[in-house]
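Close look at the chain arrangement
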Protein chains: 2
Amino acid sequence: MRRVAVVGAGMIRFGELFDKGYKDMVQEAYLKCLESVDKGIVPKEIDAGWLGCYYETDGQTTGLMADHLGLLEIPWTRVENACASGGDAIRNAFLAVASGYYDVVLVVGAEKMRDVPTNMFGWKGTEKSRDFIWDYPIGITGAANFAMHAVRHMHEYGTTKEQMALVAVKNHKYGAKYPYAHFRREITVEDVLRSPMVAYPFSLLDCCPQTDGAAVILAAEEVAKKFTDTPVFIAGASTGQDRCMHMEKEDMACFPSTIRAARRAYKMACIENPTKEIDVAELHDCFTMTEIITYEDLGFCKRGEGGKFIEEGQSELGGIVACNLSGGLKAKGHPIGATGVAQCAEIFWQLRGEAHVQAEGAEVGLTHNIGGPTAASCVIIYRVC
Amino acid sequence: MRRVAVVGAGMIRFGELFDKGYKDMVQEAYLKCLESVDKGIVPKEIDAGWLGCYYETDGQTTGLMADHLGLLEIPWTRVENACASGGDAIRNAFLAVASGYYDVVLVVGAEKMRDVPTNMFGWKGTEKSRDFIWDYPIGITGAANFAMHAVRHMHEYGTTKEQMALVAVKNHKYGAKYPYAHFRREITVEDVLRSPMVAYPFSLLDCCPQTDGAAVILAAEEVAKKFTDTPVFIAGASTGQDRCMHMEKEDMACFPSTIRAARRAYKMACIENPTKEIDVAELHDCFTMTEIITYEDLGFCKRGEGGKFIEEGQSELGGIVACNLSGGLKAKGHPIGATGVAQCAEIFWQLRGEAHVQAEGAEVGLTHNIGGPTAASCVIIYRVC
């Protein structure tokens, strides 16, 4: 298969964008993406488009993209894979370019999270992110779902609420310097511990916010040179799945969907030792413990040592793998479909030395999403060459 | 890009399957598909999965597939593209195999249409199939949407309700012989004309039913020989888009999304003269007039002559292009995500000489979907070699 590179990336500031509609957001992100291409690009150079989104905000997904971006003459696909929608949209676009059929494609990730209708169960669409028949009616919402994993990890490995809080503190520290972040302020361990309980062991500041947002990426293969002298290549990508119902999960202290996605993405990218080879990573810290468990699932540290990993600063700048230098979902925000695409934008900037909080000399990056009943993950590996 | 073939296909009988859940349907279709492979296949030979669906029946889409088909060890993607979801799932799977990364992939199309909750607007999810902000609130539902196109076609070209009725009569005639069809009975022009009005000019029998259903396909490239001596190759595939809002459509008497999808799919498959080269087609007859306009959009006849085309029997067995020998959406049914995948199954059978109503010697087939505010289409071309 031929190689595929990222050649441009644009995103808008995440947040509660009550003054912007869905169409405004995607147009703004798309235009920023076009402008970001070093040697310039015109819309007619784009061969196809992919949209990663979880909700159908504003209506029919692909028609709205084609219509409101003025890209009627290319085929569009919408990919949905719970919170891994953005990552999986990139993966499908990547495979399509790798096939040799398309040279230049656009990936848009977008979500309108705040001013959308709620349904009879509360937050619109929560029920569709897990087994609707069995798990949802017994109260397994997003927070409850991840909380059960967290409690199990605490029980098995002695991971503490303080260690979890450190994830939020770290990510807010970086988010404070990130111009696109929803929350641009630092917080302390005390702040996290004192914030109201959402679902034990998650206090409010253990949870990522529900933000609006949009992000755009352009990927191409060796045509890349036409657009930039510093492309960033996609070296491996996979989604991973797991059982939907929590009663059927065999090990609650890990995420098998991430383990499966990582195993295949590492193999594709020829990564043998993640701790030595991966310089920078954007992880799906929807809840603080999710980031801790993900360190382990991705092989950044041994099973059960995720708490120690954050405590020792190994996921900080200068540590073993610098994680979430964008502020992560916790501070930057989590507009579902946009999340994976924005992670790609951040790694693109990191590997080109253009990031806001830069991991100096970073050459290999990783993005990770996990969603639904922890049954859908996506891992993508990027390289400078 | 390397070639990709269909090597197996299975589907369940469409209908109002109140006795079957979503999980039952996909399992049954999947098992039938496995059994259909001439030289046999075992699940571990499948490298990746795609699901085409429009609703998230039962909850988190990819996790449910992985879980309930026992395919946890492969990556899964859900593709949604309105009524073209099934076709576009096949297209994405096709491109992924063409890339060289996967050898054997599974595509599942499934929808539970009848015993699902309705929302405050009536039929669950109608609003998400058009512009939710502008078009939907003024009453542009599925039938109203297509009805406007029909009225314009009648006005411009003199197409009649009798000609439209002939589409329903033809498709019911074939559907009566199709073991998987929702409606297995013939109807007359009189029946159609006398049935209650839904949205002028569509009477009840101009409209396809809302059925449950599921269908499954396996696609692979030259590894195909391992599975069958008579693979059916995918020669071209594209989606096509159009403006979302009806007030912005420039020509209501055609479907530009279909024209765009067909242009690209024909180019990819090197089809220059559809009337001479395409033997058999499965068209998206969600309403009778949709099939008539589609004859024109696909180049089966000249613009405005679709009414004459059906009247002269050119879309019948023995005509210029035999259309909807499965009964089409009108008689077979239209479980959205399953529709495009079931069309692929039918063309697979046609090109292998195994169809229930067989177009003798058929070597080139076409499938077509159109959905949402007629803003999303998918056209796929199949060849025996």
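Notes on the structure in this doc start here. (Residues numbered from 1 in each chain as written. Chains lettered and ligands numbered in written order. Predicted model: local features only at pLDDT ≥ 70, side-chain atom pairs only at ≥ 80, totals over all residues. Heavy atoms only, no water.)

1. Here's the deal with the interface of chain A and chain B
Of the residues lining the interface, 60 residues belong to chain A; the matching set on chain B comes to 60 residues. Of the roughly 4600 Å² buried at the junction of chain A and chain B (both faces included), carbon and sulfur atoms supply 49%. The largest contributions to the chain A side of the interface with chain B come from A:Gln60, A:Leu72 and A:Tyr101, which together make up 13% of the buried area. In this structure, A:Glu73 engages B:Arg263 in a salt bridge whose closest nitrogen and oxygen atoms are separated by 3.3 Å. The tally of links from chain A across to chain B stands at 37 residue pairs in polar contact (both at pLDDT 80 or more). (Contact = heavy atoms within 4.5 Å. Buried area = accessible area lost by both parts, 1.4 Å probe. Salt bridge = Lys/Arg side-chain N within 4 Å of Asp/Glu carboxyl O. Polar contact = N/O pair within 3.5 Å; in protein donor to acceptor, adjacent residues only side chain to side chain.)

2. Some details on the packing of aromatic side chains
Residues and elements named next belong to chain A. Scanning the model with the defined rule gives 18 aromatic pairs over all chains in all. A centroid spacing of 6.1 Å and a plane angle of 80° characterise the contact between Trp50 and Tyr102, whose relative ring orientation is edge-to-face. Placement of the pair is Trp50 in strand β2 (residues 48-52) and Tyr102 in the loop between α3 (85-98) and β4 (104-111), with a sequence separation of 52 residues. Accessibility assignment for this pair places Trp50 and Tyr102 in one class, buried. (Phe/Tyr/Trp six-rings, centres within 6.5 Å; stacked < 30°, edge-to-face > 60°. Helix = DSSP H or I, 4+ residues; strand = E, 2+ residues; numbered from the N terminus. Buried < 20%, exposed > 50% of the residue type's maximum accessible area, 1.4 Å probe, protein only.)

3. Points about the relation of the copies chain A and chain B
The operation relating chain A to chain B is a screw motion whose rotation component is 180°, with 0.0 Å of axial translation and a residual RMSD of 0.0 Å. Here the transformation between the copies is reduced to the relation of a two-fold axis. For chain A, the smallest separation between a C-alpha atom and the rotation axis is recorded for A:Ser99, amounting to 1.7 Å. A symmetric contact is evident, with 100% of the interface residues of chain A recurring at the interface of chain B. (Least-squares fit on C-alpha atoms with pLDDT ≥ 70 in both.)

4. What to know about the side chain of A:Arg260
Its place among the elements puts A:Arg260 in helix α7 (residues 256-268). Residues contacting A:Arg260, with those up to four places away along its chain left out, are A:Gly240, A:Gln241, A:Asp242, B:Leu72 and B:Glu73.

5. Focus: the packing of helix α1 (residues 22-36) of chain B against helix α2 (residues 61-68) of chain B
Residue and element names in this part refer to chain B. Where α1 contacts α2, the axes come no closer than 10 Å and their chain directions differ by 55°. By the criterion of interaxial angle, the relationship of α1 to α2 is oblique. When you trace α1 past α2, the crossing you get is right-handed. Between α1 and α2, the contacting residues are Tyr22, Lys23, Val26 and Gln27 on the first element and Leu64, Met65 and His68 on the second. Its residues assigned to classes, the contact of α1 with α2 shows four nonpolar, two polar and one charged. (Axes fitted to C-alpha atoms, helices over the stretch in contact; angles between N-to-C directions. Parallel < 35°, antiparallel > 145°, perpendicular 65-115°, else oblique. Left-handed = near helix turned anticlockwise from the far one by under 90°. Nonpolar A, V, L, I, M, F, W, Y, C, P; charged D, E, K, R; others polar.)

6. As for the pairing of strand β3 (residues 76-80) of chain B
With five of five residues buried, β3(B) lies mostly within the body of the structure. Side chains of β3(B) alternate between two faces, with B:Trp76, B:Arg78 and B:Glu80 and B:Thr77 and B:Val79 buried alike. Note: strand β3 (residues 76-80) of chain A against β3(B), three bridges, orientation antiparallel. If you follow A:Glu80 over to β3(B), its bridge partner there is B:Arg78. Note: strand β2 (residues 48-52) of chain B against β3(B), four bridges, orientation parallel. When the bridges of β3(B) are listed, B:Gly52 appears paired with B:Val79. Between the parallel pair β2(B) and β3(B), the chain is carried across by α2(B), and the sense of this crossover is right-handed. (Pairing = 2+ DSSP bridges. Right-handed = clockwise from strand over helix to strand, strands pointing away.)

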